[in-house]
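# Architecture at a glance
The residues making up each chain are set out below.
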Amino acid sequence: MNILNEMKVEFLSKSSNESFARITASAFIAQLDPNIEEMSDVKTAVSEAVTNAIIHGYKNAVGVVTMMIRIFEDRCVEITILDKGAGIADVDEARTPLFTTCDGEERSGMGFTVMETFMDQVEVFSALSEGTKVVMRKTFAKGN
Ligand SMILES: Nc1ncnc2c1ncn2[C@@H]1O[C@H](COP(=O)(O)OP(=O)(O)OP(=O)(O)O)[C@@H](O)[C@H]1O
Ligand SMILES: [Mg+2]
């Protein structure tokens, strides 16, 4: 399938950049004229993936998070979020609903489940001490 457009941004792993990533992604996909639900699904999924890169990937350290978005001719949007942080020991376990490595009330272990719910496909590539790459795809409905 032919690529119609592509972008890449890099930003520091600061929690204030979670909204930057979300807004940047929605600005880029706006060219597809998505409906409200598609727009909100993508923002939610980007939020979860970027929050994971910041909180789990880099923990308290500062590193670089990369977001790439490609738009294909068939209205498929492919969003890649990657970090060069801690990595995930067992990806299947990490993707299990309610699994979290964080104690306390703030994390519910539902991030990957949310990404899977709101996107058509979610792939996770990760290696300990090397980092994590999350590739999410969603095909938008035909324009009205
Ligand atoms: N980028 C990442 N780098 C390292 N570990 C990660 C990364 N993303 C996810 N993980 C691991 O996978 C687990 C599950 O992630 P998930 O987003 O589903 O839940 P959570 O972040 O713990 O909680 P929630 O997203 O509900 O706040 C995390 O607790 C963490 O151990
Ligand atoms: Mg999470």
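In this report, the structure presented in the accompanying data block is examined. (Residues numbered from 1 in each chain as written. Chains lettered and ligands numbered in written order. Predicted model: local features only at pLDDT ≥ 70, side-chain atom pairs only at ≥ 80, totals over all residues. Heavy atoms only, no water.)

## Focus: the overall build of the protein
The following threshold applies: To qualify as a helix, a DSSP run of H or I must reach at least 4 residues; to qualify as a strand, a run of E must reach at least 2; elements of each kind are numbered from the N terminus. The size measure is the radius of gyration over C-alpha atoms, and the globule rule it meets is 2.2 Å times the number of residues to the 0.38 power. We call two residues in contact whenever any of their non-hydrogen atoms come within 4.5 Å of each other. Note that accessible areas follow from Shrake-Rupley with a 1.4 Å probe, and for residues the cover is restricted to the protein chains shown.
Assigned secondary structure in the protein consists of four helices and five strands. Counted from the first residue to the last, the protein has its helices and strands arranged as β-α-α-β-β-α-α-β-β. On C-alpha atoms alone, the protein measures out to a radius of gyration of 15 Å, which is about the 15 Å that the 2.2 N^0.38 rule sets for 144 residues. With respect to the principal axes defined by its C-alpha atoms, the protein has extents near 45 × 30 × 25 Å. Partitioning the contacts of the protein with sequence separation of at least 6, the portion at a separation of at least 24 is 65%. Roughly 7,900 Å² of accessible area belongs to the protein as shown, and the carbon and sulfur atoms make up 50% of that amount.

## Quick notes on the sheet that holds strand S2 (residues 64–72)
Filter applied, for reference: Pairing between strands is defined by DSSP: at least two bridges between the two strands are required. Orientation is described by lines fitted to C-alpha atoms, with helices fitted over the stretch in contact, and by angles between N-to-C directions that extend from 0 to 180 degrees.
Strand order across the open sheet formed by five strands is S1-S2-S3-S5-S4, with antiparallel pairing between neighbours. Looking at the sheet topology across the chains shown, the edges are occupied by strand S1 (3–12) and strand S4 (121–127). The sheet shows a mean angle of 10 degrees between the axes of neighbouring strands, direction not considered. Along the sheet, helix H1 (residues 17–29) contacts S1, S2 and strand S3 (76–83); its crossing angle with S1, the most-contacted strand, is approximately 170 degrees. Lying over the sheet, helix H4 (residues 111–118) contacts S4 and strand S5 (131–139), oriented at roughly 25 degrees with respect to S5.

## Section: H1
The condition is simple: To estimate the expected span of a helix, subtract one from its residue number and multiply by 1.5 Å. Here the term buried applies to any residue with accessible area under 20% of the maximum for its type, exposed to any over 50%, and partly exposed to those in between, with areas from a 1.4 Å probe on protein chains only.
For H1, spanning 13 residues, the distance from its first C-alpha to its last is 18 Å, which sits close to the expected 18 Å at 1.5 Å a residue. Among the residues making up H1, those that are buried are Asn17, Glu18, Ala21, Thr24, Ala25, Ser26, Phe28 and Ile29.

## With respect to the pattern of salt bridges
It is possible for side chains bearing opposite charge to pair when their charged atoms get close. Rules: Salt bridges are defined as contacts in which a side-chain nitrogen from Lys or Arg sits within 4 Å of a carboxyl oxygen from Asp or Glu.
Scanning the model with the defined rule gives seven salt bridges in all. The salt bridge partner of Arg70 is Glu78, with a shortest N-O separation of 3.0 Å. Judged by relative accessible area, Arg70 falls into the partly exposed class, the value being 27%. Between Arg137 and Glu123 there is a salt bridge, and its shortest N-O distance comes to 3.0 Å. Residue Arg137 is located in strand S5, and its partner Glu123 is located in strand S4; the two are separated by 14 residues in the primary sequence. Glu123 sits in the partly exposed class, given a relative accessible area of 27%. Connected through salt bridges with shared partners, the residues Arg70, Glu78, Glu123 and Arg137 form a single ionic network.

## A closer look at the packing of aromatic side chains
The cut-off we apply is this: Centre distance within 6.5 Å is the pairing criterion for rings of Phe, Tyr and Trp, where only the six-membered ring of Trp is used; planes under 30 degrees apart are then read as stacked, over 60 as edge-to-face, and the remainder as tilted. A ring is considered to have a charge above it if a Lys NZ or an Arg CZ atom is located within 6 Å of its centre and within 35 degrees of its normal.
If you walk through the whole model with that rule in mind, you get one aromatic pair. Seen from their ring centres, Phe11 and Phe20 are 5.8 Å apart, and the 75 degrees between their planes marks the pair as edge-to-face. The exposure class assigned to Phe11 is buried, which follows from its relative accessible area of 6%. Across the ring face of Phe125, the terminal group of Lys133 is positioned such that the distance to the ring centre comes to 5.5 Å.

## Topic: the site of ligand 1
Selection rule: We call a residue near a molecule or strand when any one of its heavy atoms sits within 4 Å of it. Pairs of N or O atoms within 3.5 Å make up the polar contacts considered here, provided that, within protein, one atom can donate a hydrogen while the other can accept it, and that residues adjacent in sequence are counted only when both atoms are side-chain atoms.
Around ligand 1, the structure places 19 residues, and the nearest of them are His56, Thr100, Thr101, Arg107 and Met110. The separation between an oxygen atom of ligand 1 and a polar main-chain atom of Gly111 is 3.1 Å. Coverage of ligand 1 by the protein chains reaches 94% of its 600 Å² of free accessible surface. Looking at the shell around ligand 1, the elements with two or more residues in it are helix H2 (36–57) and H4. The dominant element in the shell around ligand 1, judged by the number of residues it contributes, is H2, at five residues.

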